[in-house]
Amino acid sequence: MPRMTATDTVRAELARAAGRPGGLAVLTGAGMSAESGIPTFRDAMSGLWSRFDPAQLASEEGFRADPARVWQWYAERRQGVLDAQPNAGHRALADFQQRHPGVMTLITQNVDDLHQRAGATGVLRLHGDILQDRWIDPCPRAQRGNCCDTGWALDTQPPVCAECGNQVRPDVVWFGESLPLGMLTAAEQAVDGCALLLVVGTSGAVWPAAGLAHRARRAGATVAIVNPQPSEIDDVAHHHIRGTAAEVLPVLLAA
Ligand code: APR
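Residues numbered from 1 in each chain as written. Predicted model: local features only at pLDDT ≥ 70, side-chain atom pairs only at ≥ 80, totals over all residues. Heavy atoms only, no water.

### Observations concerning the site of the ligand
In the vicinity of the ligand there are 22 residues, among which Phe 41, Arg 42, Thr 202, Ser 203 and Asn 227 approach most closely. A distance of 2.8 Å is found between an oxygen atom of the ligand and a backbone nitrogen or oxygen belonging to Ala 30. Contacts to the ligand include Gly 201, whose backbone N or O atom sits 3.3 Å from an oxygen atom. Starting from 740 Å² of accessible surface for the ligand in isolation, the protein chains cover 92%. Among the residues forming the shell around the ligand, the class breakdown is eight nonpolar, eleven polar and three charged. (Near = heavy atom within 4 Å. Polar contact = N/O pair within 3.5 Å; in protein donor to acceptor, adjacent residues only side chain to side chain. Areas by Shrake-Rupley, 256 points an atom, 1.4 Å probe, with all protein chains shown as cover. Nonpolar A, V, L, I, M, F, W, Y, C, P; charged D, E, K, R; others polar.)

What follows is the structure in structure tokens.
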């Protein structure tokens, strides 16, 4: 009797999870979009944080210190997202969701829109959306219920409100900032109730997102990781599939 591979074992777990509503939760990170040409953050040479200082580029302090540089950096990243296409991994997840309505909750740390462009719905975005804007400070007109629209801002770097000089920033979660509460609560409920948590393409270096794997395990779910490299949450997982998102997920999630 040939030994079951990790992929075989996780496919068996998936079949069980697919048998009930909310049976499967999926947590993705930057590795999910690496094969779409979007750089990860911490991969040795290619990772953004090996080339750029996150404190200067992904924090409110960094933005206030040099808004034009931060805005320019996000403008380049946005263009990278707009030029990218969902890969076979994104499509396999969206396809599984359509084949098993109500079974899968897709939670992502990614600020790109590749899951949605692949057809996935109800994606819980823990770290925001790089293609959306918001004001760096609360709009003074908001109290009177007519907050200025970021779309009206003057086309400067970054765009600035003609009314009150407020600056536009990308609608992503920067270091030191809280996650959108609704998203985090929904993600916690999903991992509390799932039979299987599939963790794809994350180093597990950033909390509270990484804590979802620990929470799922405590709640009695099976935790499986898809990552070509070891991650900081490997010890929480029952199964480790050493491969890439675009190679492994189509096989794992195939009908
Ligand atoms: N398929 C699957 N996994 C991959 C692939 C791939 N093709 N390529 C790389 N990986 C793995 C790496 O081995 C690494 O473990 O993806 C992981 C990427 O880790 P990070 O770069 O740390 O990205 P992530 O875990 O998403 O970072 C979390 O940190 O910088 C912040 O807000 C940012 O959301 C981000 C958070």
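### Observations concerning the side chain of Asp 112
Structurally, Asp 112 is set in the loop between strand S2 (104-108) and helix H7 (114-117). For the buried Asp 112, no salt bridge exists, and the shortest N-O distance to an oppositely charged side chain is 5.8 Å, to Arg 125. Engagement of the side chain of Asp 112 in a polar contact is seen with the side chain of Ser 33, the distance being 2.8 Å. In this view, Asp 112 contacts Ser 33, Ile 38, Val 81 and Arg 125; residues no more than four positions away in its chain are not counted. (Helix = DSSP H or I, 4+ residues; strand = E, 2+ residues; numbered from the N terminus. Buried < 20%, exposed > 50% of the residue type's maximum accessible area, 1.4 Å probe, protein only. Lys, Arg positive; Asp, Glu negative; His and termini not counted. Salt bridge = Lys/Arg side-chain N within 4 Å of Asp/Glu carboxyl O. Contact = heavy atoms within 4.5 Å.)

### Re helix H8 (residues 181-193)
Residues lying three or four places apart along an α-helix face the same way, a consequence of the helix completing one turn every 3.6 residues. Between its first and last C-alpha, H8 extends 18 Å over 13 residues, near the 18 Å set by a 1.5 Å rise per residue. Every buried residue of H8 is accounted for by Leu 184, Ala 187, Ala 190 and Val 191. Buried residues along H8 cover an arc of 125° about the axis, so they all sit on one side. Opposite the packed face of H8, turned more than 90 degrees from it, sit the exposed residues Leu 181, Gly 182 and Gln 189. (Expected span 1.5 Å × (residues − 1). Arc of directions from axis to C-beta.)

### A look at helix H9 (residues 211-218)
Along H9, the positions that sit buried rather than exposed are Gly 211, Leu 212, Ala 213 and Ala 216. Considering only its buried residues, H9 is in contact with strand S1 (24-28), S2, H8, strand S6 (196-200) and strand S7 (222-226). Remark: Gly 220 follows H9 within two positions and exhibits a positive phi of approximately 95°.

### Details of unusual backbone geometry
The amide bond that connects Gln 157 to the next residue, Pro 158, takes the cis arrangement and shows omega of -5°. Here Pro 158 lies in the loop between strand S4 (128-135) and strand S5 (168-172). Omega for the bond connecting Trp 207 with Pro 208 falls within 30 degrees of zero, at 10°, which places this linkage in the cis form. For Pro 208, the position within the fold is in the loop between S6 and H9.

### Details of the packing of H8 against H9
In the contact formed by H8 and H9, the axes pass within 8 Å of each other and the chain directions differ by 35°. As for how H8 packs across H9, the hand of that crossing is right-handed. Across the interface between the two elements, Ala 187, Glu 188, Val 191 and Asp 192 of H8 pack against Leu 212, Arg 215 and Ala 216 of H9. (Axes fitted to C-alpha atoms, helices over the stretch in contact; angles between N-to-C directions. Left-handed = near helix turned anticlockwise from the far one by under 90°.)

### A look at the state of the cysteines
Evaluated as defined, the whole model comprises zero disulfides. Here Cys 147 is not cross-linked by a disulfide; its sulfur's nearest cysteine counterpart is in Cys 139, at 3.9 Å. Among the residues examined, Cys 147 registers a relative accessible area of 39% and is labelled partly exposed. (Disulfide = S-S within 2.5 Å.)

### Quick look at the sheet that holds S6
An order of S3-S2-S1-S6-S7-S8 is seen for the six strands of this open sheet, with the pairing classed as parallel. Of all strands in the sheet, those bounded by a partner on one side alone are strand S3 (124-125) and strand S8 (239-241). Bridge analysis of S7 against S8 gives three bridges, and the strand direction is parallel. Each residue of the ladder has a partner; that of Ala 224, found in S8, is His 239. (Pairing = 2+ DSSP bridges.)

### Description of the pairing of S5
By the criterion of burial, S5 is predominantly enclosed, with four of the five residues buried. Strand direction decides the pairing type here: S4 and S5, joined by five bridges, are antiparallel. Note on S5: the bridge partner recorded for Asp 133 is Pro 170.

### Thoughts on the nonpolar core
Side chains that are nonpolar tend, in soluble globular proteins, to be buried together. If you look at the biggest cluster of nonpolar residues, it comprises 27 residues, and the most contacted ones within it are Leu 24, Leu 198, Leu 249 and Leu 252. Among the elements of the structure, helix H1 (6-17), S1, helix H6 (88-99), S2, S6, S7 and helix H10 (245-252) are those that each provide at least two residues to this core. Discounting chain neighbours no more than four positions away, the residues touching Leu 249 are Met 32, Gly 89, Ala 92, Leu 93, Leu 198, Val 200, Thr 244 and Ala 254. (Core = buried A, V, L, I, M, F, W, Y, C linked by side-chain atoms within 4.5 Å.)

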